[in-house]
There are 2 protein chains.
Amino acid sequence: MALVARAFGASRFILTDIMDEKIRLTVEKIVANWGGKFHFEMGKPWKRVVKEWQSKQGSVVHLTAYGENIQTSDVLKRVKAAGKDVLVIVGSQKVPKDFFSSDVSDFNVSVGNQPHSEISSLAVFLDRFYEGKELAVKFNGARMKIIPQKRGKKVVNQESSVI
Amino acid sequence: MALVARAFGASRFILTDIMDEKIRLTVEKIVANWGGKFHFEMGKPWKRVVKEWQSKQGSVVHLTAYGENIQTSDVLKRVKAAGKDVLVIVGSQKVPKDFFSSDVSDFNVSVGNQPHSEISSLAVFLDRFYEGKELAVKFNGARMKIIPQKRGKKVVNQESSVI
């Protein structure tokens, strides 16, 4: 989820309520190698994260298969029209019921109403939210960079030699 | 991956080279409950799947972070212009080198050139390929159906009583 958030244009990822060093290390390694500004946090209670976000006047979007369909409703238009920074919240297996409530979420958005995965929901939501432009973003300070090819793999190691 | 394929409009999923009864059962259960036509196969060698597809004049799209960027290149336009049915191939951890070759793939497509996941790549590729319309598709013969809501969950059990 964190790598999808990063690759699709999010600037932060907060793994709430639990600590997982393995995840933190993976994300930090990716950021060190592939660049960009991406802030990873973990362990904060989700209620606190939401409260802090609301106090900064941000919008909260809950991704759920039960929400308003991103394709057949105008929900994405309304998210954008709100003109605020967006906190996307995604539950894991057990989604707290509160996520659906107006105390927490401003919008309940479904990426289709069929079962698939949180990863695909987040990717498609961000791709549509940023209108695809996120996939053209340059990640600054990268050690490694893929040069897109019709065939084969080309990776440039951009590490500057600081001696 | 299979559930993403289904939810984003694919009609078939082939898990090549391995057999996994747990995956097969999960997919079959989802199809039985949520409807639609979706064909799941497993165990066939990937080379055979590709050869058969090519013999039917279909296009083969290999999703890879190293390929042509779906946002910054015209690759998706070319996939569509080919006007053929598409077989999407996605490697797991170890991608056979052959996937990149013109013997196998007609197009190597990257959903951005940053590391994320096969799941997000497949979802966004299909979402763009079908221009979002796949998320509005009705799945026929479903036992369960979500009625999208602004708040809360609404699931209709549509099982017809056949007595």
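The structure we're discussing is the one just above.
Just so you know, the residues in each chain are numbered from 1, in the order the chain's sequence is written. Each chain is given a letter, starting from A, and each ligand a number, starting from 1, according to the order in which they appear as written. Local features in a predicted model are, by the rule used here, given only for residues with pLDDT of at least 70; side-chain atom pairs are given and counted only at 80 or more, and totals for whole chains, interfaces and linings are based on all residues. Just so you know, side-chain values use all the structure's heavy atoms and leave hydrogens and water out.

Engineer: How would you explain the interface of chain B and chain A if you had to name every residue and give the values?
Structural biologist: Note on definitions: a residue-residue contact is assigned when non-hydrogen atoms from the two residues lie within 4.5 Å. Facing the 52 residues of chain B at the interface are 52 residues of chain A. Buried surface at the junction of chain B and chain A, summed over both partners, amounts to about 4000 Å²; 64% is from carbon and sulfur atoms. We count a salt bridge whenever a side-chain nitrogen from Lys or Arg sits within 4 Å of a carboxyl oxygen from Asp or Glu. Taken together, chain B and chain A are joined by two salt bridges. Put simply, A:R128 and B:D127 hold a salt bridge, and the shortest N to O gap is 2.7 Å. Among the secondary structure elements, those contributing two or more residues to the side of chain B that touches chain A are α1 (2-7), α2 (21-34), β3 (59-69) and α5 (118-129) of chain B. Helix and strand assignments come from DSSP, with helices taken as H or I runs of at least 4 residues and strands as E runs of at least 2, each series counted from the N terminus. Among the elements that line the side of chain B that touches chain A, the one with the most residues is α5(B), at six residues. Throughout, buried area stands for the accessible area (probe radius 1.4 Å) lost by two parts on being put together, summed over both.

Engineer: So what's going on with the packing of helix α5 (residues 118-129) of chain A against α5(B)? Which residues, and what values?
Structural biologist: In this analysis, axes come from line fits to C-alpha atoms, helices being fitted only over the stretch in contact, and the angle between any two N-to-C directions falls in the range 0 to 180 degrees. Contact pair α5(A) / α5(B): the axes reach a minimum separation of 8 Å and the direction vectors enclose 45°. Classed by the angle they form, the pair α5(A) and α5(B) counts as oblique. Here α5(A) runs over α5(B); the crossing is right-handed. Residues A:I119, A:S120, A:A123, A:V124, A:D127 and A:R128 of α5(A) form the contact with α5(B), whose own contacting residues are B:I119, B:S120, B:A123, B:V124, B:D127 and B:R128. Across the contact of α5(A) with α5(B), the residue classes break down as six nonpolar, two polar and four charged. Angle categories: roughly parallel below 35 degrees, roughly antiparallel above 145, roughly perpendicular from 65 to 115, and oblique for all the rest. By definition, any crossing whose near helix is turned counterclockwise from its far helix by less than a right angle is left-handed, and any crossing with a clockwise turn is right-handed. Under the scheme applied here, ten amino acids are nonpolar (Ala, Val, Leu, Ile, Met, Phe, Trp, Tyr, Cys and Pro), four are charged (Asp, Glu, Lys and Arg), and all others, including Gly, are polar.

Engineer: Residue-level account of the pairing of strand β5 (residues 107-110) of chain B, with values.
Structural biologist: All names here are of chain B. Categorising residues by exposure relies on relative accessible area from a 1.4 Å probe, with only protein chains included: less than 20% of the type maximum marks a residue as buried, more than 50% marks it as exposed, and the intermediate range marks it as partly exposed. Where burial is concerned, the two faces of β5 agree: the one with F107 and V109 and the one with N108 and S110 are both buried. Pairing of β3 with β5 involves five bridges; the strand directions are parallel. Across the sheet, residue H62 finds its bridge partner in β5, namely N108. Pairing between two strands requires that DSSP report at least two bridges joining them.

Engineer: Explain the relation of the copies chain B and chain A to me, and be specific about the residues and the numbers.
Structural biologist: Mapping chain B onto chain A calls for a rotation angle of 180° and an axial translation of 0.0 Å; the resulting RMSD is 0.0 Å. Here the two chains are linked by the operation of a two-fold rotation axis. Of the C-alpha atoms belonging to chain B, the one lying closest to the rotation axis is found on B:S120, 2.4 Å away. With an isologous cut-off of 70% or more, the 100% of interface residues of chain B that recur at the interface of chain A puts this contact in the isologous class. Least squares is used to superpose the copies, and the fit set is the C-alpha atoms of residues whose pLDDT is at least 70 in both copies.

Engineer: If you had to explain helix α3 (residues 46-55) of chain B to someone new, which residues and values would you point to?
Structural biologist: Residue and element names in this part refer to chain B. What α3 keeps buried is the set W46, V49, V50 and W53. End-on, the buried residues of α3 take up no more than an arc of 95°, which puts them together on one face. Away from its buried face by more than 90 degrees, α3 exposes K51 and S55. Packed against the buried residues of α3 are β1 (12-15), β3 and β4 (86-89). In the stretch just after α3, Q57 is the one whose phi turns positive, near 65°. Directions drawn from the helix axis to the C-beta atoms are what define this arc.

Engineer: Lay out the pairing of strand β3 (residues 59-69) of chain A in plain terms, naming residues and giving numbers.
Structural biologist: Residues and elements named next belong to chain A. Counted residue by residue, β3 has nine buried out of eleven residues, so it is predominantly covered. Here four bridges tie β3 to strand β4 (residues 86-89), and the two strands are oriented parallel to one another. If you follow S59 over to β4, its bridge partner there is V86.

Engineer: I'd love a proper account of the pattern of salt bridges, names of residues and values included.
Structural biologist: What the rule picks out here adds up to 24 salt bridges over all chains. Between B:E41 and B:R12 there is a salt bridge, and its shortest N-O distance comes to 2.8 Å. Pair noted here: B:E41 is in strand β2 (residues 39-42) and B:R12 is in strand β1, with a separation of 29 residues, a long-range link. Note on B:E41: relative accessible area 18%, which makes it buried. In this structure, the salt-bridge partner of B:K44 is B:E52, at a minimum N-O distance of 3.0 Å. Linked by salt bridges that have partners in common, A:R12, A:E41, A:K44, A:R48 and A:E52 make up one network.

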